Number of protein chains: 2
Amino acid sequence: MKVAVIGMGLMGGSLSLLLKKHRIATHIIGVENNPEHAAIALNLGLADSIETLISAIENAQLIFLAVPVDVAIELLPIMMPLVKEQIVSDTGSTKLAICKLANSLPNRQQFVAAHPMWGTENSGPQSASDQAFKGRTLVICEAEKSSEKARQLIEYIYTQLGMHILNMNAADHDLHAAYISHVSHIAAYALANTVLEKERDDETIFQLASGGFESTVRLAKSNADMWVPIFKQNKENVLDVLNEHISQLRKFKSCLEKENYTLLHQLILQANKVRRILK
Amino acid sequence: MKVAVIGMGLMGGSLSLLLKKHRIATHIIGVENNPEHAAIALNLGLADSIETLISAIENAQLIFLAVPVDVAIELLPIMMPLVKEQIVSDTGSTKLAICKLANSLPNRQQFVAAHPMWGTENSGPQSASDQAFKGRTLVICEAEKSSEKARQLIEYIYTQLGMHILNMNAADHDLHAAYISHVSHIAAYALANTVLEKERDDETIFQLASGGFESTVRLAKSNADMWVPIFKQNKENVLDVLNEHISQLRKFKSCLEKENYTLLHQLILQANKVRRILK
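Residues numbered from 1 in each chain as written. Chains lettered and ligands numbered in written order. Predicted model: local features only at pLDDT ≥ 70, side-chain atom pairs only at ≥ 80, totals over all residues. Heavy atoms only, no water.

Enquirer: Would you mind showing me how to read helix H2 (residues 35-43) of chain B here?
Expert: Sitting at the head of H2 of chain B, Asn34 of chain B places a side-chain oxygen 2.9 Å from the backbone nitrogen of Glu36 of chain B. Immediately downstream of H2 of chain B, the backbone of Gly45 of chain B shows phi near 70°, a positive value. (Polar contact = N/O pair within 3.5 Å; in protein donor to acceptor, adjacent residues only side chain to side chain. Helix = DSSP H or I, 4+ residues; strand = E, 2+ residues; numbered from the N terminus.)

Structure, rendered in structure tokens:
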């Protein structure tokens, strides 16, 4: 099968790598505006050819849209009217905006709104990994609006890559994603800025940073071009969770200020309950 | 050399394991109040015998105090008057309180105030790891108050375990530790509580949690009995950094509220600078 992958970043690159490894794609057509990334994608064998968006849509049977969520919103209205038999699926971390948009475009049934819940703090085709996706969840939104054939193909492919399929409506997806993924990124960014603001001496941070700090701020390395549009599209939910997070931090602050170590202990025991969810 | 390790937890257990592996200790005398932990320490071969504190001090040449920082403050005044030739070193995550205390006790020159900057979110002897300490920094505080012999022995041992030695005064240590380690723990605890508060459905968290969430909340599994005393002893510094952290989070919140995505982008680029410090 000829597969077009729009966006040769971490997500599109990893997808390309795995579609070839699993012999699902016989030829990957990459679409990539950044000439440096295009060259890397060809050199690493992620893409077999780099083509324009229009040519990629014409020549592929299956098209993955793996670009930042603001770019996806711009490209989908160009793409969907050109689609004939091709199946299109996206990989975006927000789903409400793209689903609303897709519902207003031609060939809705050829489109599968999907979010493979995998990522790293790195970006670009050089970060593509054949360990991607495995064991994680693929959320499909508004599956009933996709044709049986389109949905089955996307489910089949991601299942081959080791993902579990979860159906969810787009609004619920964006709400849960705000809780579980988006606010973690803001927390990490803010923590990095806290430490960089307070601790002016890089060498001290470097020497004293133990594993704990590294893992907590890891996401602070994540790419702004990817994350600003996610926060923008999911603004209301993210603000809601961010308010809750600030209020949780204030509880810790208040315990210290009032020297209420019994309550501090209870707050920590409460937090320890993540153990029942995350091994 | 006969070594006593007071506290058979993650730290004391790992230290015991490695002192034997590196043939620094011929016999480890464990001191452990929790009978279950004592039994595990014996079964895992971390300790060769479990003795009382008094007997351990009498029979050992070198004594590591690896207990929560509030317990260390209680035990040191019992231990130091009993010390003759023995060298004593602690492993606590705060250094100002223990240094002040040590200065008021007999045999100050036999004591080395130290903080091996390593840990995991797990606790207890069953979590002891022979991969501990390696490549991390050992902070020694007020080294000038320890005898040359005591300091050299502790430096030699931790260097054998693969640590870098860093000298620092106790107040500076506690300040830097608040920035780099203590606030990361509060951020993780608060994030876990945010998600557990907002997302009542464990199964959804479990299914949607990708690697990002896991790494950011990992520290939220950390033990309350260890961390409450650290926050208590380092209250002023922790409050200072916590205030900064809340104000950094408010900047993200304000960007979203005011839809100032240019500033949001800048805040993220600023946070991305942790890349220059953490690989």
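Enquirer: Would you explain the relation of the copies chain B and chain A in this entry?
Expert: Overlaying chain B with chain A gives an RMSD of 0.0 Å, the required rotation being 180° about an axis along which the chain moves by 0.0 Å. The operation mapping one copy onto its partner corresponds to a two-fold rotation axis. Distance from the rotation axis, computed per C-alpha, reaches its smallest value in chain B at Thr216 of chain B: 2.2 Å. The residues that chain B uses at the interface reappear at the interface of chain A in 100% of cases, marking a shared surface. (Least-squares fit on C-alpha atoms with pLDDT ≥ 70 in both. Contact = heavy atoms within 4.5 Å.)

Enquirer: Any chance you could explain helix H5 (residues 96-103) of chain A here in plain terms?
Expert: Every α-helix winds through 3.6 residues per turn, so residues three or four apart in the chain are directed the same way. Residues and elements named next belong to chain A. Of the positions making up H5, those classed as buried are Ile98, Cys99, Leu101 and Ala102. With its buried residues spanning 165° around the axis, H5 presents them on a single face. In the core, the buried residues of H5 are packed alongside helix H4 (69-79), strand S5 (87-90), strand S6 (111-116), strand S7 (137-141) and helix H7 (170-198). (Buried < 20%, exposed > 50% of the residue type's maximum accessible area, 1.4 Å probe, protein only. Arc of directions from axis to C-beta.)

Enquirer: Got a minute to help me understand the pairing of strand S8 (residues 164-168) of chain B in this structure?
Expert: Within a regular beta strand, the side chains point alternately toward one face of the sheet and then the other, so they alternate between its two faces. Residues and elements named next belong to chain B. Direction of pairing for strand S7 (residues 137-141) relative to S8: parallel, over a ladder of five bridges. Bridging from a neighbouring strand, Val139 pairs with Leu166 of S8. The parallel pair S7 and S8 is bridged by helix H6 (residues 148-160), and the resulting crossover is right-handed. (Pairing = 2+ DSSP bridges. Right-handed = clockwise from strand over helix to strand, strands pointing away.)

Enquirer: Would you mind going over the packing of helix H7 (residues 170-198) of chain B against helix H10 (residues 224-233) of chain B with me for this structure?
Expert: Relative orientation and spacing of two packed helices are given, respectively, by the angle between their axes and the distance between those axes. All names here are of chain B. Where H7 meets H10, the axes come as close as 11 Å, and the angle between the chain directions of the two elements is 125°. In terms of axis orientation, H7 runs oblique to H10. Note that H7 runs across H10; the crossing there is left-handed. Contact with H7, carried on its side by Ser181, His182, His185, Ile186 and Tyr189, involves Trp227, Ile230 and Phe231 of H10 and no other residues of that element. Considering only residue class, the contact of H7 with H10 consists of five nonpolar, three polar and no charged. (Axes fitted to C-alpha atoms, helices over the stretch in contact; angles between N-to-C directions. Parallel < 35°, antiparallel > 145°, perpendicular 65-115°, else oblique. Left-handed = near helix turned anticlockwise from the far one by under 90°. Nonpolar A, V, L, I, M, F, W, Y, C, P; charged D, E, K, R; others polar.)

Enquirer: Help me understand the domain arrangement of chain A, please; the structure alone is not making it clear to me.
Expert: You'll often see interface size given as the accessible area lost when the parts meet. Residues and elements named next belong to chain A. Along its sequence, chain A is carved into domain 1 (2-168) and domain 2 (173-276). Inter-centroid distance (C-alpha atoms) of domain 1 to domain 2 is 30 Å. Between domain 1 and domain 2, the residue contacts involve 15 residues of the former and 16 residues of the latter. For the domain 1 and domain 2 pair, buried surface summed over both sides reaches about 1300 Å², with 62% attributable to carbon and sulfur atoms. Applying the counting rule to domain 1 against domain 2 returns one salt bridge. For Glu121, the salt bridge goes to Arg218, with nearest N and O atoms at 2.5 Å. Taken together, the links from domain 1 to domain 2 amount to seven residue pairs in polar contact (both at pLDDT 80 or more). Every element with two or more residues in the side of domain 1 that touches domain 2 is listed here: H4, H5 and S7. If you tally residues by element for the side of domain 1 that touches domain 2, the top one is H4, at three residues. (Domains from an automatic or database assignment. Buried area = accessible area lost by both parts, 1.4 Å probe. Salt bridge = Lys/Arg side-chain N within 4 Å of Asp/Glu carboxyl O.)

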